Amino acid sequence: SSDLMVGVGSAVSMCYRTLYIGTGADMHVCLTNYGHCNYVSGKHACIFYDENTKHYELLNYSEHGTTVDNVLYSCDFSEKTTPTPPSSVVAKVQNVIKRHKSRKPEPPPAPDRKS
């Protein structure tokens, strides 16, 4: 085992449902108090307690990502492509389905009465 203790420091109380972490002076946990890192943002992340699920969640706000237990949580900054429009055949089929769904159902035929 290693004597290196990464990320170990004094406990920080979480007084509210959210705990903001970053280098900004207005953060609940100001990381500049723990040393310098080139990959920390002013508003880096937030630990959020969800009252419904009773779970804590990590919200990453940093372009650098946030690593917890060797798992990287990051934002997706990749360029998004717009979906290609459906082919004319697909569009025609979708229109037929749409028209069929919007039609009023026909009443059932009256039963035959024999005397």
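Everything below is about the structure shown above.
Residues numbered from 1 in each chain as written. Predicted model: local features only at pLDDT ≥ 70, side-chain atom pairs only at ≥ 80, totals over all residues. Heavy atoms only, no water.

Help me get a handle on the pattern of salt bridges, residues and values and all.
What the rule picks out here adds up to one salt bridge. The shortest N-O distance in the salt bridge between lysine 54 and glutamate 51 comes to 3.9 Å. Residue classification places glutamate 51 among the partly exposed positions, given a relative accessible area of 37%. (Salt bridge = Lys/Arg side-chain N within 4 Å of Asp/Glu carboxyl O. Buried < 20%, exposed > 50% of the residue type's maximum accessible area, 1.4 Å probe, protein only.)

If you had to explain helix α1 (residues 88–102) to someone new, which residues and values would you point to?
Taking 1.5 Å per residue, 15 residues should reach 21 Å; α1 reaches 21 Å between its end C-alpha atoms and fits that length. Little of α1 is tucked away: zero of the 15 residues are buried. (Helix = DSSP H or I, 4+ residues; strand = E, 2+ residues; numbered from the N terminus. Expected span 1.5 Å × (residues − 1).)

Could you give an account of a nonpolar patch on the surface, naming the residues involved and the relevant values?
Together, Val68, Val71 and Tyr73 make up an exposed nonpolar region whose accessible area comes to about 230 Å². With respect to the helices and strands, tyrosine 73 occurs in strand β6 (residues 71–73). Judged by relative accessible area, tyrosine 73 falls into the partly exposed class, the value being 37%. (Patch = residues over 30% accessible without salt bridge, like charges linked within 9 Å, V, L, I, M, F, W, Y side chains within 5 Å. Areas by Shrake-Rupley, 256 points an atom, 1.4 Å probe, with all protein chains shown as cover.)

Go over the sheet that holds strand β1 (residues 18–22), please, and point to the residues and values.
With mixed pairing, the four strands of this open sheet are ordered in space as β2-β1-β3-β4. The open sheet terminates on both sides in strands that have one partner only, identified here as β2 (29–30) and β4 (55–60). Bridging between strand β3 (residues 45–50) and β4 involves six bridges; their strand directions are antiparallel. Paired with tyrosine 49 across the two strands is tyrosine 56, which belongs to β4. (Pairing = 2+ DSSP bridges.)

Coordinates in, geometry out; function isn't part of it.
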